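# Results of the structural survey
What follows is each chain in one-letter form.
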Amino acid sequence: MKRRTFLASLSAAAAVTSLGVARVSKAQGTQPLAPALKPGDEVRLVAPAGAVFERVRFDIAAENMAGLGLKPTMGKHVRERFGYLAGTDEERAADLMDAFTDPNVKAVFALTGGWGAARTLPHLDFDAIKANPKVVIGYSDITALLNALYAQTGLTTFHGPNGTSRWRPAVVTAAKQILFDRAAPLIQNPVPNYDTLAQHDLRVQTIVPGTAEGVLVGGNLTVLTALAGSPYMPDMRGKILFLEDIGEAIYRVDRMLSTLQLSGALEALNGIVFGGFTRVGNDGDGYGAFALMDIFDHYCKKANVPAYYGAPFGHISDNSIMPVGTLARMDASAGTLQLLAPSVG
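The following paragraphs examine the structure supplied in this document.

## Quick look at the environment of Ser140
Topologically, Ser140 is positioned in the loop between β5 (135-138) and α6 (143-153). Overall, the relative accessible area of 14% leaves Ser140 in the buried class. Along the primary structure Ser140 and Ala117 are separated by 23 residues, whereas in three dimensions their C-alpha atoms are 10.0 Å apart. If we skip the residues at most four places from it in the chain, Ser140 touches His159, Asn220, Val223, Glu244 and His315. Within the structure, the side chain of Ser140 is placed 3.1 Å from the side chain of His315, a separation counted as a polar contact.

## Comments concerning the environment of Gln338
In this structure, Gln338 sits in strand β15 (residues 336-339). Accessibility expressed as a relative area gives 25% for Gln338, which makes it partly exposed. Other than its neighbours up to four places away in sequence, Gln338 contacts Ala184, Pro185, Leu186, Leu327, Ala328 and Arg329.

## Some points on the packing of aromatic side chains
Taken as a whole and judged by the stated rule, the model has eight aromatic pairs. For the pair Phe277 and Phe296, a centre-to-centre distance of 5.2 Å together with 75 degrees between the ring planes defines the contact as edge-to-face. On the criterion of sequence distance, the pair formed by Phe277 in strand β11 (residues 271-278) and Phe296 in helix α11 (residues 292-303) is long-range, its members being 19 residues apart. Residue Phe296 is classed as buried on the basis of its relative accessible area of 0%. Pairing Phe296 with Tyr309 gives two aromatic rings, centres 5.2 Å apart and planes at 70 degrees, and the pair type is edge-to-face.

## As for the nonpolar core
Ranked by internal contacts, the top residues of the largest apolar core, which has 106 residues, are Phe109, Phe277 and Phe296. Per-element accounting of this core gives the leading share, seven residues, to α11. Residues in contact with Phe109, not counting those within four places in the same chain, are Val43, Arg44, Leu45, Val46, Met65, Leu68, Leu70, Ile137 and Trp167.

Criteria and thresholds
- Residues numbered from 1 in each chain as written.
- Predicted model: local features only at pLDDT ≥ 70, side-chain atom pairs only at ≥ 80, totals over all residues.
- Heavy atoms only, no water.
- Helix = DSSP H or I, 4+ residues; strand = E, 2+ residues; numbered from the N terminus.
- Buried < 20%, exposed > 50% of the residue type's maximum accessible area, 1.4 Å probe, protein only.
- Contact = heavy atoms within 4.5 Å.
- Polar contact = N/O pair within 3.5 Å; in protein donor to acceptor, adjacent residues only side chain to side chain.
- Phe/Tyr/Trp six-rings, centres within 6.5 Å; stacked < 30°, edge-to-face > 60°.
- Core = buried A, V, L, I, M, F, W, Y, C linked by side-chain atoms within 4.5 Å.

So, in structure tokens, the structure goes:
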């Protein structure tokens with residue numbers, strides 16, 4: 001290598017070290033998008049995962065949809081029971097396929113999470129789904145369905161509140177912007193209204209400073225990791241991975257991130273955004289124990305991609321809508337995620 005070229009490369013490396021990592025995606029998605037929603041559209045409430053045991057929650061989900069200006073209808077099998085699931089795998093998959101192939105239905109909303117969405121995947125007709133693109137939204141266990149649909153068809157899907165969730169004003173506003181108005185908003189923490197000297201909640205913690213662009217994929221860490229090695233796991237090359245979880249021990253978060261690292265997924269990414277990790281361990285079980293941020297530091301710094309913790313999505317009160325399949329730009333120092341294109345057509 002010539003001396004001038006060598007010195008230039010050293011200068012560039014020093015700039016990255018001092019200013020943070022910068023990753024830019026060279027590719028954008030070209031798949032057709034689901035049509036934007038309109039007031040009065042019929043939407044189908046389905047239960048791809050856990051059963052809904054309290055009847056009032058069906059009423060709550062229908063009222064949530066009506067509050068969005070939509071006309072809710074229920075999947076045929078949502079009141080079925082198969083152990084802790086809402087019907088057999090075939091029945092739950094049939095409700096999904098009925099929703100996609102019914103020309104009157106414009107969107108598919110999951111009633112709740114739990115466990116079981118991954119069990120429906122072998123029973124889905126992805127060619128038929130690709131031919132009938134529709135808005136699909138849910139979170140937690142629905143992560144399996146959202147990412148499988150994107151991996152198999154290129155369809156942009158939406159990690160956001162389930163039908164039975166508490167749709168607070170900020171979430172309703174975001175849903176109307178993204179799903180109805182074709183907006184590409186900036187996703188960031190709201191300014192909290194607190195009465196303490198220091199801010200305790202909704203804090204952004206930068207792990208690796210820098211900016212990155214890439215298509216968003218992700219959702220619940222536990223559910224996504226369970227897809228590893230299957231055809232339903234998205235290609236992680238050049239992506240921005242967003243992750244959240246609830247009720248996990250710190251060592252389990254460590255183990256799951258280790259799985260993603262060993263699979264090569266973390267090093268293939270352009271960036272990582274952590275949302276709510278609700279009721280996940282604590283600040284260690286004693287002197288010398290790992291805290292959650294120790295685990296994040298370990299994996300993100302090894303991957304050497306921009307990363308931050310504290311984005312407003314997950315099992316939290318204002319669960320922001322995160323489109324799986326939309327190009328975005330993250331700023332790990334500012335704790336912001338800017339969508340760069342509409343997520344519906």
